[in-house]
Amino acid sequence: MLRFAALTLVLMVMMGLLLQCSPASTSQPAENIPPAKIQLMTSLPIIWGEGGSMEDILSGKATPAAIYAHWQKRYDMTAVDSFEGLANSDTDIVLLAQPPAMDPADIATIDSWVRAGGKAIILTDPMLVWPTSLPLGDKRRPLASGLLSPLLNYWGLALQLPPKEETGVAEMAFPNAKIITVGIGTFESIAPDKSSHADCAFSVANVIARCKVGDGHAILLADADFLNDALWGDQAGVDHGDARGLVDNFIADMQKQPVCRSFCR
């Protein structure tokens, strides 16, 4: 088990009214509905493990993290390093999980795609605590701090660091679910008078924002450490299914939203 700061924060995040989704422990895919087609962009070492080489992948030495293996079984998920062609794809949801520094063109693509009726789930952490043996400067290292400010600011949001006294291990409690994480950030609404901004509602403590962006929707969580299965040990008293179920609920909630692209206006 990883060693973290001794401080433990218990944060109750009641999402029922905000997210209008079923409890994580009971979330099940609907029958006769094809799995959601998701494009994933992430800097986290969850796809083939830290520093997984092609040789390791082919030999079976590199295996996906538990959370990514779950997503592969449940969804039609594709990991991407660019969103070129997104507008003409049949993608249902874009999932940004602490993505690497994005090209300005990709940020513009995400914004325009969501505004035209797309759906995005964004996990952006202002203080990621994800141990790695990769040296500083290695592009394979998970991004220590979210770099989505251009997109967030355009939507009228700012990502804030947690207070110094709340940077230790934290328990986030949702209806019928709990996850363990580290250093939860928050969102702040900024300059809400610009027409480019999103219409956002916030959870308790502003750790989750649900936004209407043009004709589309986005759910944002100011944390990504909870995807690290090193935090899922029995001594934490938390079933790792809660971490999976939280994202499953986000996806299920998105699937309930009406689909409308620019051509159906």
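Located above this text is the structure these notes cover.
Source: prediction; values computed, not measured. (Residues numbered from 1 in each chain as written. Predicted model: local features only at pLDDT ≥ 70, side-chain atom pairs only at ≥ 80, totals over all residues. Heavy atoms only, no water.)

A. Seen up close, the nonpolar core. Membership of the largest hydrophobic core comes to 41 residues, with the highest contact counts inside it found for Ile46, Trp71, Leu123, Phe226 and Leu227. Counting only elements with at least two residues in this core, the list comes to strand S2 (37–42), helix H3 (66–74), strand S4 (93–97), strand S5 (119–123), strand S7 (169–174), strand S8 (177–182), strand S12 (216–221) and helix H6 (241–256). In terms of residue count, H6 provides more of this core than any other element does, 6 residues in total. In contact with Leu123, not counting residues within four places along its chain, are Leu95, Leu96, Ala97, Gln98, Pro99, Leu221, Asp223, Ala224, Phe226, Leu227 and Phe250. By size, the runner-up hydrophobic cluster in this structure holds 25 residues, among which are Leu86, Met102, Trp113 and Ala222. (Core = buried A, V, L, I, M, F, W, Y, C linked by side-chain atoms within 4.5 Å. Buried < 20%, exposed > 50% of the residue type's maximum accessible area, 1.4 Å probe, protein only. Helix = DSSP H or I, 4+ residues; strand = E, 2+ residues; numbered from the N terminus. Contact = heavy atoms within 4.5 Å.)

B. Local environment of the sheet that holds strand S3 (residues 76–79). Taken in spatial order, the 7 strands line up as S3-S2-S4-S5-S12-S11-S10 in an open sheet, and their pairing is mixed. Each edge of the open sheet is held by one strand with a lone partner, namely S3 and strand S10 (199–202). Neighbouring strand axes in the sheet, compared pairwise and without regard to direction, differ in orientation by 20° on average. Here S4 pairs with S5 via 4 bridges, running parallel. Of the residues in S5, the one forming a bridge with Leu95 is Ile121. Together, S2, S3 and S4 form the strand contacts of H3, whose direction differs from that of S3 by roughly 130°. (Pairing = 2+ DSSP bridges. Axes fitted to C-alpha atoms, helices over the stretch in contact; angles between N-to-C directions.)

C. Quick peek at the side chain of Asp111. Among the secondary structure elements, Asp111 is positioned in helix H4 (residues 104–115). The exposure class assigned to Asp111 is buried, which follows from its relative accessible area of 10%. One polar contact links Asp111 to Trp155, side chain to side chain, over a distance of 2.7 Å. Setting aside its immediate chain neighbours within four residues, Asp111 contacts Leu151, Tyr154 and Trp155. (Polar contact = N/O pair within 3.5 Å; in protein donor to acceptor, adjacent residues only side chain to side chain.)

D. Geometry of the pattern of salt bridges. Within the structure shown, the criterion is met by 4 salt bridges. Here Asp90 and Lys37 are joined by a salt bridge, their closest N and O atoms 2.5 Å apart. With a gap of 53 residues between them, Asp90 in the loop between S3 and S4 and Lys37 in strand S2 connect regions that are remote in the sequence. Of the charged contacts in the structure, one is a salt bridge between Asp248 and Arg74, with a shortest N-O distance of 3.6 Å. Of this pair, Asp248 sits in helix H6 while Arg74 sits in helix H3; the two residues are 174 residues apart in sequence, bridging distant segments of the chain. The same class applies to Asp248 as to Arg74, namely buried. (Salt bridge = Lys/Arg side-chain N within 4 Å of Asp/Glu carboxyl O.)

E. Looking closely at the environment of Phe250. One can find Phe250 in helix H6. Assessed through its relative accessible area of 0%, Phe250 is described here as buried. Each C-alpha atom, one on Phe250 and one on Ala218, is 9.6 Å from the other, the two residues being 32 residues apart in sequence.

F. Fine view of H3. Taken together, the buried positions of H3 are Ile67, Tyr68, His70, Trp71 and Arg74. End-on view of H3: buried residues confined to an arc of 155°, all on one side of the axis. (Arc of directions from axis to C-beta.)

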